[in-house]
Amino acid sequence: MLRAVVFDLDGVITDSTDHHFRSWQRVAAEEGFGLPEGVSEQIKGLTRRASLEVIIRNQDRQFTEQEKARILERKNQYYQEFVKGITSDDVMPGAKRLIRELKAAGQKLAVASASRNARIILRNLALIDLFDAVVDGNEITKSKPDPEVYLKALDALKVDASAAVAIEDAAAGIAAAKAAGMKCVGIGSSRHLAGADLVVSSIDELSVEDLIELGG
Ligand code: GL1
Ligand code: MG
């Protein structure tokens, strides 16, 4: 029986994915390297450092640890310019309704995000108080697709994986949730989200009943 729902943040609760990507593009242009084709989809859901490793994997040049640290720092600086402007108007359509309905139905709620900016974003969205637990990129040592972030969220909620459903927009996130033993809803196109138990094109289409049914 469903007892908890664990939400990814970027691309699920708020539409920040393009802003992350634009920050990567800006720093890549400044550093004089290009972003490989299709990389946007590949880095979705990965931690900042894991994203950088994917981005530079096939570049002709080598990057020193110092250069990598500078790139990561600058990418975050650009992204934080966007984060500062986030308000409650930036909640994805339908996300707040779903969160409220799940709470009213007695479900426990958590966020499991690889982003180290997750808490400030949830505060700016005026949603943080609605969650029983938040696990973010500051608390994990392994990036999605590793299940660590989901296992920590389940631990914080004290709910078994078999009684929880994850909501994700990234292939790496779905793999992480599945590896944690959870059912998972994919938000987006089934072309990228083949591993999900249910795919919907937007969170607005998702109902409490869909999640209860998935939870078994
Ligand atoms: C990190 C990456 C982003 C994105 C998020 C997870 O966020 O940099 O590109 O993959 O993790 O959704 P942040 O930089 O905020 O820690
Ligand atoms: Mg995401």
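For the structure given in this document, a descriptive report is provided here. (Residues numbered from 1 in each chain as written. Chains lettered and ligands numbered in written order. Predicted model: local features only at pLDDT ≥ 70, side-chain atom pairs only at ≥ 80, totals over all residues. Heavy atoms only, no water.)

**Concerning the side chain of Lys-144**
Assignment of secondary structure puts Lys-144 in the loop between strand 3 (133-135) and helix 7 (148-157). When its relative accessible area of 2% is taken as the criterion, Lys-144 is described as buried. Side chain to side chain, Lys-144 and Asp-8 meet in a polar contact 3.1 Å long. A polar atom in the side chain of Lys-144 sits 2.8 Å from the side chain of Glu-168. In this view, Lys-144 contacts Asp-8, Gly-45, Leu-46, Ala-112, Ser-113, Ala-114, Val-149, Tyr-150, Glu-168, Ala-172, Gly-173 and Ala-176; residues no more than four positions away in its chain are not counted. (Helix = DSSP H or I, 4+ residues; strand = E, 2+ residues; numbered from the N terminus. Buried < 20%, exposed > 50% of the residue type's maximum accessible area, 1.4 Å probe, protein only. Polar contact = N/O pair within 3.5 Å; in protein donor to acceptor, adjacent residues only side chain to side chain. Contact = heavy atoms within 4.5 Å.)

**Brief notes about the coordination of the magnesium ion (ligand 2)**
Asp-8 (OD), Asp-10 (O) and Asp-169 (OD) make up the full set of protein donors to the magnesium ion (ligand 2), lying at 2.0 to 2.2 Å. Sequence spacing among the residues donating to the magnesium ion (ligand 2) works out to D-x1-D-x158-D. Here Asp-169 lies in the loop between strand 4 (164-168) and helix 8 (171-179) and Asp-10 lies in the loop between strand 1 (4-7) and helix 1 (17-31), a separation of 159 residues in the sequence. The exposure class of Asp-169 is buried, given its relative accessible area of 7%. (Donors = N, O, S within 2.8 Å, 3.2 Å for Na, K, Ca; no water.)

**Brief notes about the layout of surface pockets**
Counted as a void, the largest pocket has a volume near 240 Å³. Lining the largest pocket are 16 residues; nearest its centre among them are Gly-11, Lys-44, Asp-169, Ile-187 and Gly-188. Taken as a whole, the second largest pocket encloses approximately 160 Å³ of empty space. (1 Å grid on protein atoms, 1.4 Å probe; cavity = no way out; pocket = protein on both sides within 12 Å on 5 of 7 lines; lining within 4 Å. Points joined across faces, edges and corners; volume = space filled by probe spheres on them.)

**Overview of the side chain of Ser-113**
Position of Ser-113 relative to the elements: it lies in the loop between strand 2 (108-112) and helix 6 (118-124). Residue class for Ser-113 comes out buried when judged on its relative accessible area of 0%. Polar side-chain contacts of Ser-113 include one of 2.9 Å to the backbone nitrogen of Ser-115. Other than its neighbours up to four places away in sequence, Ser-113 contacts Asp-8, Leu-9, Asp-10, Ala-118, Val-135, Asp-136, Gly-137, Lys-144 and Val-149.

**A word on the pairing of strand 4**
The buried fraction of strand 4 is high, at five of five residues. The alternating pattern of strand 4 places Ala-164, Ala-166 and Glu-168 on one face and Val-165 and Ile-167 on the opposite face, and all of these are buried. Across four bridges, the pairing between strand 1 and strand 4 is parallel. Note that in strand 4 the partner of Ala-4 across the bridge is Ala-164. (Pairing = 2+ DSSP bridges.)

**A short note on the pattern of salt bridges**
Throughout the structure, instances matching the rule amount to 18 salt bridges. The closest approach of N and O atoms between Arg-61 and Glu-31, which form a salt bridge, is 4.0 Å. You can see Arg-61 sitting in the loop between helix 3 (48-56) and helix 4 (65-84) and its partner Glu-31 sitting in helix 1, a full 30 residues away along the chain. With a closest N to O distance of 3.1 Å, Glu-53 and Lys-68 form a salt bridge. Residue Glu-53 is located in helix 3, and its partner Lys-68 is located in helix 4; the two are separated by 15 residues in the primary sequence. On the basis of relative accessible area, Glu-53 is assigned to the partly exposed category, the value being 32%. For Lys-68, a relative accessible area of 10% translates into the label buried. Among the charged side chains, a network of salt bridges with common partners joins Glu-30, Glu-31, Arg-61, Glu-67, Arg-70 and Arg-74. (Salt bridge = Lys/Arg side-chain N within 4 Å of Asp/Glu carboxyl O.)

**What to know about the site of ligand 1**
Around ligand 1, a shell composed of 13 residues is seen, among which Asp-10, Leu-46, Ser-115, Arg-116 and Asn-117 lie nearest. One nitrogen or oxygen atom from the side chain of Arg-48 is found 2.7 Å from an oxygen atom belonging to ligand 1. Placement of ligand 1 is best described as lying within the largest cavity. Mapped onto the shell around ligand 1, the elements with two or more residues apiece are helix 1 and helix 4. Per-class residue counts for the shell around ligand 1 are five nonpolar, four polar and four charged. (Near = heavy atom within 4 Å. Sits in = over half its atoms within 2 Å of the grid points. Nonpolar A, V, L, I, M, F, W, Y, C, P; charged D, E, K, R; others polar.)

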